[in-house]
Amino acid sequence: MLQRLYQWTMSLADHPRALWVLAVVAFVESSVFPIPPDVLMIPMILARPSRAWLIALVATVFSVLGGMLGYAIGYFFFETLGEPILSALGKADAMAAFNDRFNGVGFWAVLIAGVTPFPYKVITIMSGWTAMPLTTFVVTSVIARALRFFVVAGLLRAFGEPVRHFIEKRLGLMFTLFVVLLLGGFYVVKFL
């Protein structure tokens, strides 16, 4: 089923209103849809490299807007269902402690999920669930999603079809290694 959904999403890259389709896919991927916008971005940019930056911008803006929907889902779902259940079980204090820990590293959680293959939608919902400050969430989401989509657009614009395989198979790994090295660097600086 996932393969059929992937093929259907790919077929939309040829649609006359592909930019709008990308906006919808980027929006829903940030909260519920399993296929990332890159699936549409890659063929769209290869077909029209001159529109690479516009395509990346649309993916970024609508991904962040969709992330805000994911945040709202987490925020309102927790308020209406999760909190009363935890209070009834006597676990409200444990949840408050978890929220503090998560929000203490929230910037990094959103950044990492926004640029790596980790599902961004999980962090968007978790950010709302823990009531991460909305400004922190939005600013970090803009940085992370712009980094991810503009790097993909830049690579495709500069190198075209030859870099497609690398992006589809290895870019997630490269972003993950980048984040690990970045966090490792901060750890070394902090403790040395």
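This text goes with the structure placed above it.
Residues numbered from 1 in each chain as written. Predicted model: local features only at pLDDT ≥ 70, side-chain atom pairs only at ≥ 80, totals over all residues. Heavy atoms only, no water.

Colleague: How would you summarise the nonpolar core if you had to cite specific residues and measurements?
Modeller: If you look at the biggest cluster of nonpolar residues, it comprises 24 residues, and the most contacted ones within it are Leu22, Met41, Met44, Ile45 and Ile55. Put simply, the parts of the chain that give this core at least two residues each are helix H2 (18-29), helix H3 (38-47), helix H4 (52-88) and helix H8 (134-159). Setting aside residues up to four positions removed in sequence, methionine 41 forms contacts with Leu22, Ile55, Ala56, Ala59, Phe149 and Val152. The next biggest cluster of nonpolar side chains, apart from the first, holds nine residues, and it includes Tyr120, Ile123, Met132 and Phe137. (Core = buried A, V, L, I, M, F, W, Y, C linked by side-chain atoms within 4.5 Å. Buried < 20%, exposed > 50% of the residue type's maximum accessible area, 1.4 Å probe, protein only. Helix = DSSP H or I, 4+ residues; strand = E, 2+ residues; numbered from the N terminus. Contact = heavy atoms within 4.5 Å.)

Colleague: Go over the environment of alanine 144 with me, naming the residues and quoting the values.
Modeller: Relative to the elements of secondary structure, alanine 144 occurs in helix H8. C-alpha of alanine 144 to C-alpha of alanine 113: the two residues are 31 residues apart in sequence and 8.0 Å apart in space. Excluding its chain neighbours within four sequence positions, the residues that come into contact with alanine 144 are Val110, Leu111, Gly114 and Val115.

Colleague: I'd like a rundown of the environment of phenylalanine 98, residues and numbers included.
Modeller: Position of phenylalanine 98 relative to the elements: it lies in helix H5 (residues 92-104). Overall, the relative accessible area of 27% leaves phenylalanine 98 in the partly exposed class. Placed 32 residues apart in sequence, phenylalanine 98 and threonine 130 show a C-alpha to C-alpha distance of 8.0 Å. Those residues in contact with phenylalanine 98, other than ones at most four positions away along the chain, are Met126, Trp129 and Thr130.

Colleague: Which residues make up the packing of aromatic side chains, and what values do they have?
Modeller: In the structure shown here, the tally under the stated rule is four aromatic pairs. Ring geometry for tryptophan 53 and phenylalanine 150: centres 6.0 Å apart, planes at 15°, overall stacked. One end of the pair, tryptophan 53, is in helix H4; the other, phenylalanine 150, is in helix H8, with 97 residues separating them in the sequence. Residue tryptophan 53 is classed as partly exposed on the basis of its relative accessible area of 41%. Judged by centre distance (5.2 Å) and plane angle (40°), the rings of tyrosine 71 and phenylalanine 137 are tilted. You can see tyrosine 71 sitting in helix H4 and its partner phenylalanine 137 sitting in helix H8, a full 66 residues away along the chain. Across the pair, phenylalanine 137 and tyrosine 71 agree in class, each one buried. A network of ring pairs unites the aromatic residues Tyr71, Tyr75, Phe76 and Phe137 as a single cluster. Here arginine 145 stacks its cationic end above the ring of tyrosine 120, 4.2 Å away from the centre of that ring. (Phe/Tyr/Trp six-rings, centres within 6.5 Å; stacked < 30°, edge-to-face > 60°. Lys NZ or Arg CZ within 6 Å of the ring centre and 35° of its normal.)

Colleague: Can you explain the side chain of serine 141? Please cite residues and give values.
Modeller: Topologically, serine 141 is positioned in helix H8. Apart from residues lying up to four places away in sequence, serine 141 is in contact with Val64, Val110, Tyr120 and Ala146.

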